[in-house]
Amino acid sequence: MSLKDSLCAVELFCELPDDLVEEVIARGSTVEVGPGVPVVKQGDRGAGMVMLLKGSADVDVDGRAVGSLSKGDYFGEMSLIDGSGRTATVTSGPDGLTAFRLSPAAFTDLIDQHPHTAVLLLKGLVTRVRQLEELVSEGAAS
């Protein structure tokens, strides 16, 4: 699967036209992280959105394991908008990982240059928030 296909599968970017997805790719970067290395630490600011392209990662909150991530999973999309600190520490898995990273500055530049895309991106973000709310309510019911 290409990087473009991977991004188009993400709710945040799925409504964007192809040319803007290409621009997101141009503004982001691909990073490789060795095994057991923190990708982000709880409380950190400014790391932006990260999407796993290869490998896995473990998620900890307050030092307690809460989940894992694999190819296609992403995190930090809300920090693109509000710049808030990380709510979890994400550490690369035993084989390391390769990820696409989009910084808040790159995201802001994209919105500044293409203001009409803000509504499309917000629709994607709302979809993500609703999915997370559903997971939380399912967890509360069990």
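Residues numbered from 1 in each chain as written. Predicted model: local features only at pLDDT ≥ 70, side-chain atom pairs only at ≥ 80, totals over all residues. Heavy atoms only, no water.

Peer 1: Please give an account of the nonpolar core that cites residues and values.
Peer 2: The biggest cluster of nonpolar side chains holds 20 residues, and the ones touching the most others in it are L7, L12, F13, L16, V24, M49 and L102. Contributions of two or more residues to this core are made by α2 (18–27), β3 (49–61), β6 (89–102), α4 (104–113) and α5 (117–141). Sequence-distant contacts of L12, that is, excluding residues within four places in its chain, are made with M49, E77, L80, L120, L121, G124 and L125. One finds V33, V50, L52 and A57 within the second-largest nonpolar core, a separate group that totals 14 residues. (Core = buried A, V, L, I, M, F, W, Y, C linked by side-chain atoms within 4.5 Å. Buried < 20%, exposed > 50% of the residue type's maximum accessible area, 1.4 Å probe, protein only. Helix = DSSP H or I, 4+ residues; strand = E, 2+ residues; numbered from the N terminus. Contact = heavy atoms within 4.5 Å.)

Peer 1: Residues and numbers for the pairing of β3, please.
Peer 2: Along any regular strand, the residues point their side chains to alternate faces of the sheet. Bridge count for β3 against β6 is 10 bridges, and the pairing is antiparallel. Residue pairing across strands places G55 opposite L97, the latter belonging to β6. Pairing geometry for β3 and strand β5 (residues 74–75), over 2 bridges, is antiparallel. Bridge pairing in β5 places V50 opposite F75. With 6 bridges joining them, β3 and strand β4 (residues 64–70) adopt antiparallel strand pairing. Bridge pairing in β4 links V61 to R64. (Pairing = 2+ DSSP bridges.)

Geometric descriptors of this kind do not, in isolation, establish any biological role.
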